[in-house]
Amino acid sequence: MSTISYNDVVESLLKLHKCYRVQGFLSADLINKLDFFSKPRVALTIASLLWIINLAKRNIVGYSDIISMQRRVATFLARTGSDEMEFLRKLLELAPVKLGLDIASTSRRCMIEYQKLVDVIRLLNLIKETLSLTTLTTHIQLSENLRKSRMPCLNDDEMLPSTNAIADTLTKVVHSELENVKELLSDPYFAHVMEVMREKIKANQLRSSDIVAFSLVILALLRQHKEIQICVEPGIDVETLCRKIYNDLTYSGTDPSSSDIYTLYQELSTRTVIRK
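Residues numbered from 1 in each chain as written. Predicted model: local features only at pLDDT ≥ 70, side-chain atom pairs only at ≥ 80, totals over all residues. Heavy atoms only, no water.

Trainee: Could you clarify how one ought to interpret the overall build of the protein chain in this entry?
Mentor: Scanning the protein chain for helices and strands turns up 14 helices and two strands. Compactness check: the protein chain gives a C-alpha radius of gyration of 20 Å against a globular reference of 19 Å for 276 residues, within 12% of the reference. Viewed in the frame of its principal axes, the protein chain has a C-alpha envelope of about 65 × 40 × 35 Å. The long-range fraction of contacts in the protein chain, counting pairs at least 24 apart against all pairs at least 6 apart in sequence, stands at 81%. As displayed, the protein chain has an accessible area near 13600 Å², and 50% of this comes from carbon and sulfur atoms. (Helix = DSSP H or I, 4+ residues; strand = E, 2+ residues; numbered from the N terminus. Rg over C-alpha atoms; globule rule 2.2 N^0.38 Å. Contact = heavy atoms within 4.5 Å. Areas by Shrake-Rupley, 256 points an atom, 1.4 Å probe, with all protein chains shown as cover.)

Trainee: Even after reading the chapter, I still don't get the nonpolar core, so can you show me in this structure?
Mentor: The nonpolar side chains of soluble globular proteins are, as a tendency, buried together. Judged by nonpolar contacts, the single largest core of 88 residues is most densely connected at Phe36, Leu91 and Leu178. Apart from the residues within four sequence positions on either side, Leu178 is in contact with Phe190, Met194, Phe214, Ile218, Ile230 and Val238. (Core = buried A, V, L, I, M, F, W, Y, C linked by side-chain atoms within 4.5 Å. Buried < 20%, exposed > 50% of the residue type's maximum accessible area, 1.4 Å probe, protein only.)

Trainee: Explain the environment of Asn59 to me, please; I cannot follow it from the model alone.
Mentor: Looking at the element boundaries, Asn59 is found in the loop between helix H3 (40-57) and helix H4 (63-77). Sequence spacing of Asn59 and Pro40 is 19 residues, and the spatial spacing of their C-alpha atoms is 29 Å.

Trainee: What am I meant to see in the pattern of salt bridges here?
Mentor: Once the charged atoms of two side chains with opposite charge are near each other, the side chains can pair. Enumeration over the complete set of coordinates arrives at 16 salt bridges. The partner of Asp260 in a salt bridge is Lys200, and the shortest N-O contact between them spans 3.2 Å. With a gap of 60 residues between them, Asp260 in the loop between helix H13 (238-251) and helix H14 (262-275) and Lys200 in helix H11 (residues 188-202) connect regions that are remote in the sequence. Owing to a relative accessible area of 48%, Asp260 belongs among the partly exposed residues under this scheme. We note a salt bridge from Arg207 to Asp210, for which the minimum N-O separation is 3.4 Å. What makes Arg207 partly exposed here is its relative accessible area of 41%. Owing to a relative accessible area of 0%, Asp210 belongs among the buried residues under this scheme. Salt bridges sharing partners connect three or more residues here, namely Lys200, Arg207, Asp210 and Asp260. (Salt bridge = Lys/Arg side-chain N within 4 Å of Asp/Glu carboxyl O.)

Trainee: When you look at unusual backbone geometry in this model, what are you seeing that I'm missing?
Mentor: Apart from glycine, the bulk of residues carry a negative phi angle, and the bulk of peptide bonds sit in the trans form. Glu233 connects to Pro234 through a cis peptide bond whose omega is 15°. Within the secondary structure, Pro234 sits in the loop between strand E1 (231-232) and strand E2 (236-237). Even without a glycine there, the phi angle at Met111 is positive, about 55°. Within the secondary structure, Met111 is located in the loop between helix H6 (103-110) and helix H7 (114-136). Its relative accessible area of 66% is what places Met111 among the exposed residues.

Trainee: Whenever I open this one, the confidence of the model for the protein chain confuses me. Can you help?
Mentor: Reading fine detail from the predicted coordinates is not recommended where pLDDT is low. For the protein chain, mean pLDDT is 88; residues scoring 70 or higher make up 92% of the total. Scored below 50 in pLDDT, residues 139-148 makes 13 contacts in the model with residues more than four places away or belonging to other chains. (pLDDT = per-residue confidence, 0-100.)

Trainee: How should I be thinking about the layout of surface pockets in this particular structure?
Mentor: Over the atoms, a rolled probe matching the size of one water molecule traces out where space is still vacant. Each pocket or cavity is described by its volume, and for the second largest pocket that value is around 200 Å³. At the level of elements, H3, H4 and H7 are the ones that each hand at least two residues to the lining of the second largest pocket. Residues belonging to the lining of the second largest pocket are distributed by class as follows: six nonpolar, two polar and three charged. (1 Å grid on protein atoms, 1.4 Å probe; cavity = no way out; pocket = protein on both sides within 12 Å on 5 of 7 lines; lining within 4 Å. Points joined across faces, edges and corners; volume = space filled by probe spheres on them. Nonpolar A, V, L, I, M, F, W, Y, C, P; charged D, E, K, R; others polar.)

Trainee: In this structure, what is going on with helix H5 (residues 82-92)? I would like to understand it.
Mentor: Think of an α-helix as turning once every 3.6 residues; residues three or four places apart then point the same way. Those residues of H5 that fall on the buried side of the exposure criterion are Glu84, Met85, Phe87, Leu88, Leu91 and Leu92. An end-on view of H5 places all buried positions within 160° of arc, on one side of the element. (Arc of directions from axis to C-beta.)

Trainee: Teacher, can you tell me more about the state of the cysteines here?
Mentor: What makes a disulfide is a covalent bond joining the sulfur atoms belonging to two cysteines. Taken as a whole and judged by the stated rule, the model has two disulfides. Note on cysteine connectivity: Cys19 is disulfide-linked to Cys110, with sulfurs 2.2 Å apart. As the torsion about the S-S bond is roughly -70°, the Cys19-Cys110 disulfide counts as left-handed. Taken together, the residues Cys19 in helix H1 (residues 6-22) and Cys110 in helix H6 connect sequence positions 91 residues apart. Given a relative accessible area of 9%, Cys19 falls into the buried group. For Cys110, a relative accessible area of 7% translates into the label buried. The cystine pairing of the protein chain, numbering bonded cysteines in sequence order, is 1-2, 3-4. Counting only cysteine sulfurs, Cys231 is the nearest neighbor of Cys242, a cysteine outside any disulfide, at a range of 12 Å. (Disulfide = S-S within 2.5 Å.)

In structure tokens:
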């Protein structure tokens, strides 16, 4: 079965929205494209739930695994601002069943590929269930078993959104998560880059070049410590996320060499060559 990407989801939901507006099912706009790429917790929530759908389609996870992963996303959402939660609730209004429509007729009316629409509806159902979980349980109750989870973390770039508008927030999330990785703290390069980033974040002086250079350092370190898998909530592989951030920002013209952190990357690269 083919997988559905983050961009596929956005395109399909925007088509649904436009289709409903044209046909008079909606009296006002609910969403716009920018929302999907400017709200970091919304973006990671959608990506994680999309990951669950694709794993289930490939029979990699079962029902109990899906519930476990949903609980993980619910914990993440419990710390989300009201505006981002409200956007997710607005997405639920786009479910065809809300308007008394079936999948086949909606696919034809709105010119959305049938299978993509099926996956989008699965996503909306997961969002609805996950939002319910955030109100039924507390953060503490949900988080107790998260670290013990053996579910595979999202490691497919296609499942992630463009990070250009949210790279700053995502980098802070990565930095916060990495501060708890004891296996890497003994590495002087890791300890140093973490300290430099901590000061930049604290002083609100984090530039795009710093973000890209930091991503490069983390990618280089993780290649040297292949035995360590690190995930950020709600279940995103750090290496995949850093690679996505690096690719997105460099493609848009960001130069990591203008950051003082880039020197660390050069030193790390030299160390790697010497060790080979």
